[in-house]
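Tertiary structure, described
Listed below are the residues making up each chain.
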Amino acid sequence: VTTGAGGDLQQVERMARAMVTQFGMSDVGSIAIDDGGFAGPNYSQELAGKIDSAIRQITDEGYATAIMLLMSSRACLDRIADELVETETMSGARLREIVSEYAEIPEKLAAV
């Protein structure tokens, strides 16, 4: 795993952990657990196992969703990659033009 990818995976784990332990976004329940500072978190092994399982479920679901989106968009992504191999850069307008051939793109919203 490269440094960039490793950092991305660490960020995924941090976000999933916060979803579980700070925001109650899992089956573990509506809990808010302090990280415990230097001493680390103070909760039972049973709760730690539930938290770890919930984190794993969130990350696995995110991974599956990403794979599904990439696979369903493969033709579009290949076309973009082929053009980038030739031109090395691409304007936002050109990107939207290519993507619009494969999917409906909402109109750009004006800044509020």
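Now for a look at the structure at hand. In this text, all values refer to a predicted model and were calculated from it rather than measured experimentally.

Right, let's talk about helix 2 (residues 45-72) for a bit. With 28 residues, helix 2 should reach 40 Å at 1.5 Å per residue; the first-to-last C-alpha distance of 40 Å fits that figure. Among all positions of helix 2, only A48, I51, A54, I55 and I58 are buried. Elements that come into contact with the buried residues of helix 2 comprise helix 1 (3-21).

This part covers the side chain of S26. Relative to the elements of secondary structure, S26 occurs in the loop between helix 1 and helix 2. Polar contacts involving the side chain of S26 include one to the main-chain amide nitrogen of V28, which spans 3.1 Å. With residues near it in sequence (within four places) discarded, S26 still touches V20 and A54.

This part is about the layout of surface pockets. By volume, the largest pocket is sized at about 260 Å³. Listing elements by their share of the lining of the largest pocket, those giving two or more residues are helix 1 and helix 2. Residues of the lining of the largest pocket, tallied by class, amount to 7 nonpolar, 2 polar and 3 charged.

What counts and how
Residues numbered from 1 in each chain as written. Predicted model: local features only at pLDDT ≥ 70, side-chain atom pairs only at ≥ 80, totals over all residues. Heavy atoms only, no water. Helix = DSSP H or I, 4+ residues; strand = E, 2+ residues; numbered from the N terminus. Expected span 1.5 Å × (residues − 1). Buried < 20%, exposed > 50% of the residue type's maximum accessible area, 1.4 Å probe, protein only. Contact = heavy atoms within 4.5 Å. Polar contact = N/O pair within 3.5 Å; in protein donor to acceptor, adjacent residues only side chain to side chain. 1 Å grid on protein atoms, 1.4 Å probe; cavity = no way out; pocket = protein on both sides within 12 Å on 5 of 7 lines; lining within 4 Å. Points joined across faces, edges and corners; volume = space filled by probe spheres on them. Nonpolar A, V, L, I, M, F, W, Y, C, P; charged D, E, K, R; others polar.

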